[in-house]
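In case you want the letters, here they are:
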Amino acid sequence: MPWVNKKKCVSCKKCVKKCPVDAIDMVKGKALIKEDKCINCGKCIKICPVKAILKDKEIVKSGIASNIKDAKKSLSEYKSKKAKKRVIKSQMRQLKRQQKILWGTMKELKHIKL
Ligand code: SF4
Ligand code: SF4
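This structure is a prediction, so every number in the text was calculated from the model and none was measured.

1. Quick word on empty space enclosed by the protein
- Summed over the entire model, instances satisfying the criterion amount to two cavities of 30 Å³ or more.
- Taken as a whole, the largest cavity spans an internal volume of roughly 90 Å³.
- If you go around the largest cavity, you meet 13 residues; those closest to its centre are Pro2, Cys19, Cys38, Cys41 and Cys44.
- Grouping the constituent residues of the lining of the largest cavity by class yields eleven nonpolar, two polar and no charged.
- In this structure, the second largest cavity occupies an estimated 70 Å³ of space.

If you want it as structure tokens, here you go:
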């Protein structure tokens, strides 16, 4: 499932014209993919002139890279190795908590009564 990086989108509408199933709208001047209509053909990704549309796995990769960049930045504020290790442990605890929340939410969503 592709995703549009709004910051990069230059509103050319090429993806809108190319999509075979009319799954892209322009919202406030930026492309927005309708998940319920998208058939994951990848045509919009190929045609975007500024590479504003990414695949799921690219989004995950860039999210990880951005988290690691932030972590390194915050670690640079500490001098001792011991303090840096404490910060890493604390961040790991926070991420594990978030992971539990996400898994729990996904589990509940599967069983939600419609
Ligand atoms: S992947 Fe294909 S179907 Fe989905 S939005 Fe892009 S062009 Fe449309
Ligand atoms: S092709 Fe790229 S830049 Fe053009 S509207 Fe679509 S997402 Fe935005």
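2. Looking at the domain arrangement of the chain
- Once the domains are mapped, the chain shows domain 1 (3–57) and domain 2 (79–114).
- On a C-alpha basis, the centroid separation for the pair domain 1 and domain 2 is 31 Å.

3. Observations regarding the site of ligand 1
- Around ligand 1 there are 13 residues in total, and Cys19, Cys38, Cys41, Gly42 and Cys44 lie nearest to it.
- Residue classes in the shell around ligand 1 are distributed as ten nonpolar, two polar and one charged.

4. Description of the pairing of strand β3 (residues 30–33)
- Here β3 shows a clear split, with Ala31 and Ile33 buried on one side and none of Lys30 and Leu32 buried on the other.
- Where strand β2 (residues 24–27) meets β3, four bridges bridge the pair, whose relative direction is antiparallel. Looking across to β3, one finds that Met26 is bridged to Ala31.
- Linkage of β2 to β3, two consecutive antiparallel strands, is achieved through a turn of two residues, within which Lys28 is found at a positive phi near 50°.

5. A look at the layout of surface pockets
- Size it by volume and the largest pocket reaches roughly 320 Å³.
- Lining the largest pocket are Ile64, Asn67, Ile68, Asp70, Ala71, Ile88, Gln91, Met92, Gln94, Leu95 and Gln98.
- Elements represented by at least two residues in the lining of the largest pocket include exactly α3 (56–75) and α4 (81–110).
- Here the lining of the largest pocket takes six residues from α4, the largest share from any one element.
- Each residue belonging to the lining of the largest pocket can be placed in one class, and the counts come to six nonpolar, four polar and one charged.

6. Comments concerning unusual backbone geometry
- If you check the backbone angles, Asn40 has positive phi at about 60° while not being a glycine.
- Here Asn40 lies in the loop between β3 and α2 (43–47).
- With a phi angle near 55°, Lys51 is a residue other than glycine that sits in the positive phi range.
- As for its position among the elements, Lys51 is in the loop between α2 and β4 (53–54).

7. So, α4
- Counted at 1.5 Å a residue, the expected span for α4 with its 30 residues is 44 Å, and the 43 Å between its end C-alpha atoms agrees.
- Of all 30 residues that make up α4, two are buried, and the element is exposed over most of its length.

8. What about the pattern of salt bridges?
- Following the criterion strictly, the structure yields one salt bridge and no others.
- In this structure, the salt-bridge partner of Asp25 is Lys34, at a minimum N-O distance of 3.3 Å.

The rules behind each value
- Residues numbered from 1 in each chain as written.
- Chains lettered and ligands numbered in written order.
- Predicted model: local features only at pLDDT ≥ 70, side-chain atom pairs only at ≥ 80, totals over all residues.
- Heavy atoms only, no water.
- 1 Å grid on protein atoms, 1.4 Å probe; cavity = no way out; pocket = protein on both sides within 12 Å on 5 of 7 lines; lining within 4 Å.
- Points joined across faces, edges and corners; volume = space filled by probe spheres on them.
- Nonpolar A, V, L, I, M, F, W, Y, C, P; charged D, E, K, R; others polar.
- Domains from an automatic or database assignment.
- Near = heavy atom within 4 Å.
- Buried < 20%, exposed > 50% of the residue type's maximum accessible area, 1.4 Å probe, protein only.
- Helix = DSSP H or I, 4+ residues; strand = E, 2+ residues; numbered from the N terminus.
- Pairing = 2+ DSSP bridges.
- Expected span 1.5 Å × (residues − 1).
- Salt bridge = Lys/Arg side-chain N within 4 Å of Asp/Glu carboxyl O.

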